[in-house]
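# Structure at a glance
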Amino acid sequence: MPGMNNPFTTDSEVSELIRQENQRQRDGLVLIPSENYASQAVLEALGSPLNNKYAEGYPGKRYYSGNEFVDQVETLAQDRAKNLFGVPYVNVQPYSGSPANLAVYSALLEPGETFMGLDLLSGGHLTHGWKASFTSKVWNSIPYHVLADGSTDFEEMRKLVLEHKPKLIWCGGTALPRTVEFEKFAEIADEVGAYLVADISHIAGLIVTGEHPSPVPFAHIITTTTHKTLRGPRGAMIMVTEKGLSKDPELGEKIDKAIIPGLQGGPHMNAVAAIAVALHEAAQPEFKDYAKNIVNNAKVLAQALTKHGFELVSGGTDNHLILIDLTPTGVGRGTFLHLALEACGIYANKNTVPGDKSTPFYPSGLRLGTPAITTRGMGEVEMKKIARWIKQVADHIQAAQLPDNIVARLKALNEFKDSLKDKFYSDIKAEVKKLCDGFPV
Ligand code: DSN
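Now for a description of the structure that goes with this document. (Residues numbered from 1 in each chain as written. Predicted model: local features only at pLDDT ≥ 70, side-chain atom pairs only at ≥ 80, totals over all residues. Heavy atoms only, no water.)

To continue, consider the site of the ligand. In the vicinity of the ligand, the contacting residues are S34, H125, T174, H202, K228 and R367. The side chain of H202 places a nitrogen or oxygen atom 2.7 Å from an oxygen atom of the ligand. For the shell around the ligand, the class distribution of residues is no nonpolar, 4 polar and 2 charged. (Near = heavy atom within 4 Å. Polar contact = N/O pair within 3.5 Å; in protein donor to acceptor, adjacent residues only side chain to side chain. Nonpolar A, V, L, I, M, F, W, Y, C, P; charged D, E, K, R; others polar.)

For the rest of this paragraph, the subject is the sheet that holds strand β12 (residues 321-325). Hydrogen bonds along the backbone pair up the strands of a sheet, which may run parallel or antiparallel. In space, the 4 strands of this open sheet follow the order β11-β12-β15-β14, with antiparallel pairing throughout. Either end of the sheet is taken by a strand with one partner, and the two such strands are β11 (311-312) and β14 (349-351). Looking at chain direction, β11 and β12 are connected through 2 bridges and run antiparallel. Bridge pairing links L312 to I324 in β12. Packed onto the sheet, helix α12 (residues 285-307) meets β11, β12 and β15 (365-369) and runs at close to 15° relative to β12. Packed on one face of the sheet, helix α13 (residues 334-342) meets β14 and β15 and runs near 45° to β15. (Pairing = 2+ DSSP bridges. Helix = DSSP H or I, 4+ residues; strand = E, 2+ residues; numbered from the N terminus. Contact = heavy atoms within 4.5 Å. Axes fitted to C-alpha atoms, helices over the stretch in contact; angles between N-to-C directions.)

Here we take up the packing of aromatic side chains. Taken as a whole and assessed by the stated rule, the structure comprises 10 aromatic pairs. Pairing Y54 with Y64 gives two aromatic rings, centres 5.4 Å apart and planes at 85°, and the pair type is edge-to-face. Remark: Y64 occurs in the loop between β3 (61-62) and α3 (68-85) and Y54 occurs in the loop between α2 (40-46) and β2 (57-58); sequence separation between them is 10 residues. Y54 gets classed as partly exposed once you look at its relative accessible area, which sits at 49%. With centroids separated by 4.7 Å and ring planes inclined at 15°, the aromatic side chains of Y105 and W139 adopt a geometry described as stacked. Of this pair, Y105 sits in helix α4 (residues 97-108) while W139 sits in the loop between α5 (134-138) and β6 (140-144), and the two are 34 residues apart along the sequence. (Phe/Tyr/Trp six-rings, centres within 6.5 Å; stacked < 30°, edge-to-face > 60°. Buried < 20%, exposed > 50% of the residue type's maximum accessible area, 1.4 Å probe, protein only.)

Below is the structure:
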């Protein structure tokens, strides 16, 4: 079967690009906290003939024929998710996280109704109501924020909730280094009878292993992608809890209808099968060790970075993710550091920090995480090495500052990109590759 190790031969151009991307993933340090290495079994399910099947509808109720086996695949994925998360209802068909979140809006709100979500600049997701997202154009978005130390500003949030009486409140985000306090969110949401929806995309793998508290007793609905700490294929799930069903016994059917015929056509049955495989893997005892190691590695990396003088949002981490605030060395420097690290084969991403004085395109922070390098088996020694490289690179680019003027910014960025051809970067890249060779994917 064609896979990452045996690219197909009928299209040499695409096949060669896949080979090169595979090599990049092996030779570099993937520190982007939302990326991971899915298992060969997951990749094979994705590349299987299930790709060829149309299965609009749900098991036992499809619009096309020939569903004997895909029905069983989808039921298996549903049952595994229900058991692993402890929920009575799940939909495994969303194409990815954004469509899953859109389906929740469409199941719960009429256009124009009010909802709340964490502001993007505070670490929320685009679909939690960012001004450029479709979600804030169709529904009325009221953002809440985090404080300078990275914790949720519950005082502000409660005030806004009581004032605007949102019908839906999102909790969770994409750049939160600390534990999400689901119980506190639930207390406030319950005061106004709002639906609490937990987006656990980043931490799903930590939740199923007990490394992060579960939102199940507190939220009505839970959405998650399946490719981050859960280490499955790109895809998503929407779950309804017992609490959700007691609020509205038809919530499950409403979500199902929001997905199809509301938003999507045929589910990607190859992805549904790969989700089933990933859920099976996540239920194994080894996955518990994996999740524990993710968190331990993140803590060690955070401590090492702090020792090197970096300022971390919230001062550290409780999970898989670290957010470095580069503001003390200049506003908007995340872009420069992320590019310089990329030149060394170290992949992290530029990110806004709470109260960022810059923009999402030129943010002042760097977001990094340990799920992918932990999959490779790296541990404390490697975390310390990685922290040293990040320090070396940050010191090397100290002079790079973001000009205020937009035209000057582009010029500065282009000059900076040119400077990355320097031997300083290729030397570190060679050392990074040497380390990676010791931890095969
Ligand atoms: N793009 C994802 C992340 O990196 O966190 C969220 O959708």
